[in-house]
Amino acid sequence: MDVKRVKDYIYWLYFQYLLVTCSYVLEPWEQSMFHTITVTVVAMVVYTAYVFVPIHVRLALEFFSQILGARPDGAA
């Protein structure tokens, strides 16, 4: 891929982000605060999903395996 096309695509994605969030109407200092808060919230959601979703999936699988009558791993 051409570097110019990648740059244009990233600019287009950023422009779409500005349009969807309506942050293009904010002043520059307001935009930076909005972007900082948005990035912080997204980072916290991704971290929480990375840490806690596998634990909950494992617990759900154990729960449903007990309901369906499957034997535990160590049982003969």
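What counts, and at which threshold
Residues numbered from 1 in each chain as written. Predicted model: local features only at pLDDT ≥ 70, side-chain atom pairs only at ≥ 80, totals over all residues. Heavy atoms only, no water. Helix = DSSP H or I, 4+ residues; strand = E, 2+ residues; numbered from the N terminus. Contact = heavy atoms within 4.5 Å. Patch = residues over 30% accessible without salt bridge, like charges linked within 9 Å, V, L, I, M, F, W, Y side chains within 5 Å. Areas by Shrake-Rupley, 256 points an atom, 1.4 Å probe, with all protein chains shown as cover. Salt bridge = Lys/Arg side-chain N within 4 Å of Asp/Glu carboxyl O. Buried < 20%, exposed > 50% of the residue type's maximum accessible area, 1.4 Å probe, protein only.

**Student:** Where do I start with the environment of Leu18 in this structure?
**Tutor:** Here Leu18 shows up in helix H1 (residues 3-21). Measuring from C-alpha to C-alpha, the distance between Leu18 and Gln31 comes to 9.5 Å, with 13 residues separating the pair along the chain. If near-sequence neighbours (up to four positions away) are discounted, Leu18 is found in contact with Ser23, Tyr24, Gln31 and His35.

**Student:** Looking at this structure, I do not really get a nonpolar patch on the surface. What am I missing?
**Tutor:** Taken together, the side chains of Trp29, Met33, Ile37, Val41, Met44 and Val45 define a hydrophobic patch exposed on the protein surface, amounting to about 640 Å² of accessible area. When you line up the elements, Val45 lands in helix H2 (residues 28-67). Residue classification places Val45 among the exposed positions, given a relative accessible area of 54%.

Keep in mind these values describe shape, not function.
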